[in-house]
Amino acid sequence: MEWLAWIAAATVAVRLAVAFVNAVSHPYPGRMRRRNVVAPRTYSISVLIPARDEAENIGALLTDLAASDDGICEIIVYDDQSSDGTADVVRRFAMKDSRIRTIAGGDIPAGWLGKNNACHRLARAARGDVLLFLDADVRVAPGAAAETAAYLRDNGLSLLSLFPQQLMPTVGTRLAVPLMNWILLGLLPLPAVRLSRHPSLSAANGQFMMFDAGAYRAMLPHAVHRMAAAEDIAIARDFKRAGLPTAVLLGDRSVQCTMYRTLREAVNGFSKNIFQFFGGSGTVCLLFVAITTAAPFLALAGGPAPGIAWAACAVLLRVFVSAASRQSVAWNILLMIPQQFILWKITITAFVRRHRRDLRWKGRNVCC
């Protein structure tokens, strides 16, 4: 039993080492710019926003973008058959800012998912040198788009994705939303995404994806992955396979998102793509959840030494993940055990919905 206890402690120690690397590397666009690079800002940025029933959110994002004139040449919103006045909100902003316009979406072509079709249509209409896809619930500070585009160009990247700082307005969201970064930042060293060409070292977040326009038009990634529910990760892996440089960074206060507002929304949302964190494998995902659940019991059963080692590493893992994510350290430590139960709920929900082929989002079935 004691050797099993030390293995349990070692598994969390490995994840702690990954989280430590992510925290100390300061993976934010403003901190990660190359030193002594003087790149002329002659490129233009097209901001592309797929929107379906986003009247509650789209105004705040457009307000943010309208306050920025640093390289943004156009802001295009694809109104994907919204029923809540999203298009009216966009039109009001367009009357004040000539860069803003909307594309009225029609019926989704056969063999496409809604968001992938929207992004493809947006890219076809864009004329910028850099294409920035944003979800409507993202908030960006003035200069954030230009800073990120400068990082993309300075480092010769074809794709740069950010995981925005997540805002969590309820206890339910504090239970579920931190799980995304707890998995990501404890398993994937972000510097390796940029330095390694291996497709397995890939990640992306559709909330904020920036492409070199030439690379995007050569790859047409949203068309290639037209039926992928987690198209962001699939696109990142394809770029790696093609030898195109990619990177993943974290957002600070300059890029934020209120991804979900309730626990139910969070469980529903994460259940449609949690398997993609594990290469699309439900089996690997289930093994991870089972191991992280069993590890503390195994460590504690093996005696005080492995139990203390596990506890120290588990707490420090939360500390470094929370610090890198700009989340509350105290909350994430306090909610360690409840979050594990929520992880089980998300995983089981994902299995059930995959079996039923019923992964619904925004009123549509996104199960391919």
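Structure shown above.
Since we're looking at a predicted model, the values are computed, not measured.

Conventions adopted
- Residues numbered from 1 in each chain as written.
- Predicted model: local features only at pLDDT ≥ 70, side-chain atom pairs only at ≥ 80, totals over all residues.
- Heavy atoms only, no water.
- Pairing = 2+ DSSP bridges.
- Helix = DSSP H or I, 4+ residues; strand = E, 2+ residues; numbered from the N terminus.
- Core = buried A, V, L, I, M, F, W, Y, C linked by side-chain atoms within 4.5 Å.
- Buried < 20%, exposed > 50% of the residue type's maximum accessible area, 1.4 Å probe, protein only.
- Contact = heavy atoms within 4.5 Å.
- Phe/Tyr/Trp six-rings, centres within 6.5 Å; stacked < 30°, edge-to-face > 60°.
- Lys NZ or Arg CZ within 6 Å of the ring centre and 35° of its normal.
- Polar contact = N/O pair within 3.5 Å; in protein donor to acceptor, adjacent residues only side chain to side chain.

Asks: Which parts of the structure should I look at to understand the sheet that holds strand β7 (residues 165-166)?
Replies: Across a sheet, paired strands are connected by hydrogen bonds in the backbone, their directions being either parallel or antiparallel. Spatial strand order, β5-β10-β7: 3 strands in an open sheet with mixed pairing. Each edge of the open sheet is held by one strand with a lone partner, namely β5 (138-140) and β7. Relative to strand β10 (residues 255-257), β7 runs parallel, the two being bridged by 2 bridges. Considered in β10, the bridge of Gln165 is made with Gln256.

Asks: Honestly, the nonpolar core in this entry has me stumped. Any pointers?
Replies: If you look at soluble globular proteins, the nonpolar side chains tend to sit buried side by side. Ranked by size, the top nonpolar core spans 85 residues in total, and within it Val47, Ile49, Leu65 and Leu134 carry the most contacts. Once you skip the residues sitting within four places of it in the chain, Leu134 turns out to touch Val47, Leu48, Ile49, Pro50, Leu61, Leu65, Val140, Gln207 and Phe208. If you look at the next biggest cluster of nonpolar residues, it comprises 21 residues, including Ile103, Ala204, Ala215 and Ala236.

Asks: Explanation requested: the packing of aromatic side chains in the structure shown.
Replies: We describe a pair of aromatic rings using the distance from one ring centre to the other and the angle between the two ring planes. For the coordinates displayed, the defined rule picks out 9 aromatic pairs. Clustering of aromatic rings is evident, with ring pairs tying together Phe133, Phe211, Tyr216 and Phe239. Lying over the aromatic face of Trp182, Arg15 brings its terminal NZ or CZ to 4.3 Å of the ring centre.

Asks: Got a minute to help me understand the side chain of Thr258 in this structure?
Replies: Inspection of the secondary structure puts Thr258 in the loop between β10 and α13 (263-271). Setting aside residues no more than four positions away along its own chain, Thr258 makes contact with Asp137, Leu167 and Pro169.

Asks: Hey, could you run me through the environment of Arg194 in this one?
Replies: Looking at the element boundaries, Arg194 is found in helix α9 (residues 190-195). By relative accessible area, Arg194 is classed as partly exposed at 33%. Residues Arg194 and Ala350, 156 residues apart in the sequence, show an inter-C-alpha distance of 30 Å. A distance of 3.4 Å separates the side chain of Arg194 from the side chain of Tyr151, its partner in a polar contact.

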